[in-house]
Amino acid sequence: MSKSARSRNQDKARVAAGQDHEVRYEAKKEGVSKQEVKETVKEVGNSRKKVEDALDRKG
């Protein structure tokens with residue numbers, strides 16, 4: 001079963017803190033540690049936009 005375009009877009013809009021590759025990607029992109037990404041996800045939720053905004057404010 002293939003994923004629809006909508007499903008992929010929804011996946012891109014979230015940061016799965018339990019997925020090491022997603023945490024690693026976001027940490028590298030934002031120039032922070034993986035732990036900071038995980039803590040930020042706990043604070044603001046898993047919305048990629050909210051996580052990136054919060055990391056930008058911290059750094």
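Keep in mind that what you see is a predicted model, and the values were worked out from it rather than measured.

Caption draft 1: Broad picture of the environment of Glu 22. With respect to the helices and strands, Glu 22 occurs in helix H2 (residues 20-30). For the pair Glu 22 and Lys 12, spaced 10 residues apart in the sequence, the C-alpha separation amounts to 10.0 Å. Setting aside residues no more than four positions away along its own chain, Glu 22 makes contact with Arg 14, Val 15, Ala 16 and Arg 48. Looking at Glu 22, its side chain comes within polar contact range of the main-chain nitrogen of Ala 16, at 3.0 Å.

Caption draft 2: Up close: the nonpolar core. Counting residues in each nonpolar core, the largest one holds 8 residues, listed as Val 15, Val 23, Ala 27, Val 32, Val 37, Val 41, Val 51 and Leu 55. Sorting the residues of this core by element identifies H2, helix H3 (34-44) and helix H4 (48-58) as the ones contributing at least two each. Every residue in contact with Ala 27, bar those within four places of it in the chain, is listed here: Val 32, Ser 33, Lys 34 and Val 37.

Caption draft 3: Structural view of the packing of H3 against H4. Contact pair H3 / H4: the axes reach a minimum separation of 9 Å and the direction vectors enclose 115°. Considering the relative orientation of H3 and H4, their crossing is right-handed. Of H4, the residues touching H3 (which contributes Glu 36, Val 37, Thr 40, Val 41, Glu 43 and Val 44) are Lys 50, Val 51, Ala 54, Leu 55 and Lys 58. Grouping the amino acids of the contact of H3 with H4 by side-chain chemistry returns 6 nonpolar, 1 polar and 4 charged.

Conventions we followed
Here the residue index of a chain counts from 1 through its sequence in written order. In keeping with the predicted nature of the model, local features appear solely for residues at pLDDT of at least 70, side-chain atom pairs appear and are counted solely at 80 or more, and the whole-chain, interface and lining totals rest on all residues. Processing note: side-chain calculations cover all non-hydrogen atoms of the structure and skip hydrogens and water entirely. Counting from the N terminus, the helices are the DSSP runs of H or I reaching at least four residues and the strands are the DSSP runs of E reaching at least two. Residue contacts are counted whenever heavy atoms from the two residues lie within 4.5 Å of one another. Two N or O atoms count as a polar contact when they lie within 3.5 Å, although within protein this holds only if one can serve as hydrogen donor and the other as acceptor, and sequence-adjacent residues are included solely when both atoms are side-chain atoms. We call a set of buried residues a nonpolar core when its members are Ala, Val, Leu, Ile, Met, Phe, Trp, Tyr or Cys and they connect through side-chain atoms within 4.5 Å of each other. We call a residue buried when its accessible area falls under 20% of the maximum for its residue type, exposed when it is over 50%, and partly exposed in between, using a 1.4 Å probe and counting protein chains only. Angles run from 0 to 180 degrees between N-to-C directions of axes, and those axes are lines fitted to C-alpha atoms, restricted for helices to the stretch in contact. Rotating anticlockwise by less than a right angle from the far helix to the near helix defines a left-handed crossing, while the corresponding clockwise rotation defines a right-handed one. Polar here means any residue outside two lists: the nonpolar Ala, Val, Leu, Ile, Met, Phe, Trp, Tyr, Cys and Pro, and the charged Asp, Glu, Lys and Arg; Gly therefore counts as polar.

Geometric descriptors of this kind do not, in isolation, establish any biological role.
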